[in-house]
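Tertiary structure, described
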Amino acid sequence: MNAHTLAPRTAGGRTVLPSRLADPTTVVYLALVGVTLLGWIVVTARGGEFLSLDNTVGILQNSVVLGLVAVGQTVVILTGSLDLSVAYLISIATLVAAETMDGADGNILPAIAAVLAFSVAVGLANGLVVTKLKVNAFIATLGVGFILRGWIEDNYSGPTGKVPESFQRLGYDRMGPIPVSALLLLAVGVAVWFVLRRTRLGYHMYAVGGDEQTARLSGVRTHRVVIAAHVLCAVCAGLAGLFLASRLGAGSPWAGTEARYDLTSIAAVVLGGTLLAGGRGGVAGTIGGVLMLSVLDSVFNQLGVDPFFQNVVRGVVIIVAVALYARRGSNKGVMS
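The phi torsion at D102 lies on the positive side, around 50°, for a residue other than glycine. Accessibility expressed as a relative area gives 56% for D102, which makes it exposed. Even without being a glycine, R260 presents a positive backbone phi close to 50°. Mapped onto the elements of the fold, R260 is located in the loop between α12 (222–248) and α13 (261–271).

See below:
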């Protein structure tokens, strides 16, 4: 390695950063460090404590639901699809879990099985409508979401069921300074990363998202890949619902929709560098995007920032991130 290797390259009169520094995953984590430091300076200047143990634990716990949903959303977006039904699925998952558990420790495993089975069914429905009926993913998953919403509104008007204290430990216990729920998110993230990066299914997901027609001509069963992606996404949403039930102690009809986990999860995925068109991105960047949004929320809450302004800042951050990724892509195009 010499000085020429380390020096920034130029293309068309523009400086091009080394590939590692230009990688979206690296960029989002560098930005996360920057936002954290800036938040610490601002909050400390206002007399608060930003990097305290309690606040750090709070940031990690607040990242779990969005993180689980966003990891699943990453999978479908990589295939060129998306899922707008996840918010309603999360709500139903909390209801199914709380009603099945009904305060009894012996019902925990049946409740988990019921939530995961229902999630798989919703994922299959989404995947089949997208692939077999050839309905655009935006419309298909929005339609399935409205069906779930109708069922919720027809059967529930408020919290229901009861989650036993032993299961609530998932939402509140810690192993040293690390929340148990953060370990759940880490485990799911690693599992999905392994599927995407180390299995044939993962390779096929990238291929389908990159160019579905080419993937089909290469022998990839594209419909099966898209259906599998939707099932994985729905399972992640079901896990998010189980975690929310453990935090709330009951089922909530609007647990998923009040926080807009459908659109927020897509925002986290895009912020993490995954292309909405599919074919490029990954789980690592998504987790970075989730953490950045959680850090911003923590800063806003401590400063008492108006919710409208919070959404404005979120929107600006996402737009700037996408613009930077697009610029990086154009730089690559000039060099090639």
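The rest of the description comes next.
We now examine the packing of helix α4 (residues 53–78) against helix α14 (residues 283–303). Taken N-terminus to C-terminus, the directions of α4 and α14 make an angle of 140°; their axes are 8 Å apart at the nearest point. When the axes of α4 and α14 are compared, the pair comes out oblique. Where α4 crosses over α14, the handedness of that crossing is right-handed. Along its contact with α4, which presents N55, I59, L60, N62, S63, L66, G67, A70, V71 and T74, the element α14 presents V283, T286, I287, V290, L291, L293, S294, V295, S298 and Q302. Grouping the constituent residues of the contact of α4 with α14 by class yields eleven nonpolar, nine polar and no charged.

Helical geometry: 3.6 residues make up each α-helical turn, so side chains three or four residues apart lie on a common side. Within α13, ten of the eleven residues are buried, which leaves the element mostly enclosed by the surrounding structure. What α13 keeps buried is the set Y261, D262, T264, S265, I266, A267, A268, V269, V270 and L271. Of the residues flanking the end of α13, it is G273, one or two places downstream, whose phi is positive at about 100°.

This part is about the packing of aromatic side chains. Two aromatic rings are characterised by how far apart their centres lie and by the angle between their planes. Taken as a whole and judged by the stated rule, the model has one aromatic pair. For the ring pair W151 and Y156, a centre distance of 5.7 Å and an interplane angle of 65° mean the geometry is edge-to-face. The exposure class assigned to W151 is partly exposed, which follows from its relative accessible area of 40%. By relative accessible area, which is 13% here, Y156 ends up buried. Sitting above the plane of the Y172 ring, R247 keeps its charged end 4.4 Å from the centroid.

Going through the model one piece at a time under the given rule, you end up with five salt bridges. Between D297 and R314 there is a salt bridge; the shortest N-O distance is 2.5 Å. Of this pair, D297 sits in helix α14 while R314 sits in helix α15 (residues 307–335), and the two are 17 residues apart along the sequence. Judged by relative accessible area, which is 21%, D297 ranks as partly exposed.

Take a positive patch on the surface next. Together, K132, K134, R221 and R224 make up a positively charged patch on the protein surface. Position of K132 relative to the elements: it lies in the loop between α6 (108–131) and α7 (137–155).

Turning our eyes to something else, we now look at the confidence of the model for the protein chain. Residues at a pLDDT of 70 or more form 90% of the protein chain, whose mean pLDDT is 90. Looking at the elements of the protein chain, mean pLDDT is at its lowest for helix α1 (residues 3–6), recorded as 40, and at its highest for α6, recorded as 98. Under a pLDDT of 50 for its full length, residues 1–17 has, in the predicted model, 24 contacts with residues more than four places off or in other chains. Of the regions scoring below 50 in pLDDT, residues 332–336 engages in six contacts with residues more than four places distant in sequence or in other chains.

Conventions adopted
- Residues numbered from 1 in each chain as written.
- Predicted model: local features only at pLDDT ≥ 70, side-chain atom pairs only at ≥ 80, totals over all residues.
- Heavy atoms only, no water.
- Buried < 20%, exposed > 50% of the residue type's maximum accessible area, 1.4 Å probe, protein only.
- Helix = DSSP H or I, 4+ residues; strand = E, 2+ residues; numbered from the N terminus.
- Axes fitted to C-alpha atoms, helices over the stretch in contact; angles between N-to-C directions.
- Parallel < 35°, antiparallel > 145°, perpendicular 65-115°, else oblique.
- Left-handed = near helix turned anticlockwise from the far one by under 90°.
- Contact = heavy atoms within 4.5 Å.
- Nonpolar A, V, L, I, M, F, W, Y, C, P; charged D, E, K, R; others polar.
- Phe/Tyr/Trp six-rings, centres within 6.5 Å; stacked < 30°, edge-to-face > 60°.
- Lys NZ or Arg CZ within 6 Å of the ring centre and 35° of its normal.
- Salt bridge = Lys/Arg side-chain N within 4 Å of Asp/Glu carboxyl O.
- Patch = residues over 30% accessible without salt bridge, like charges linked within 9 Å, V, L, I, M, F, W, Y side chains within 5 Å.
- Areas by Shrake-Rupley, 256 points an atom, 1.4 Å probe, with all protein chains shown as cover.
- Lys, Arg positive; Asp, Glu negative; His and termini not counted.
- Charge placed at Lys NZ, Arg CZ, Asp CG, Glu CD.
- pLDDT = per-residue confidence, 0-100.

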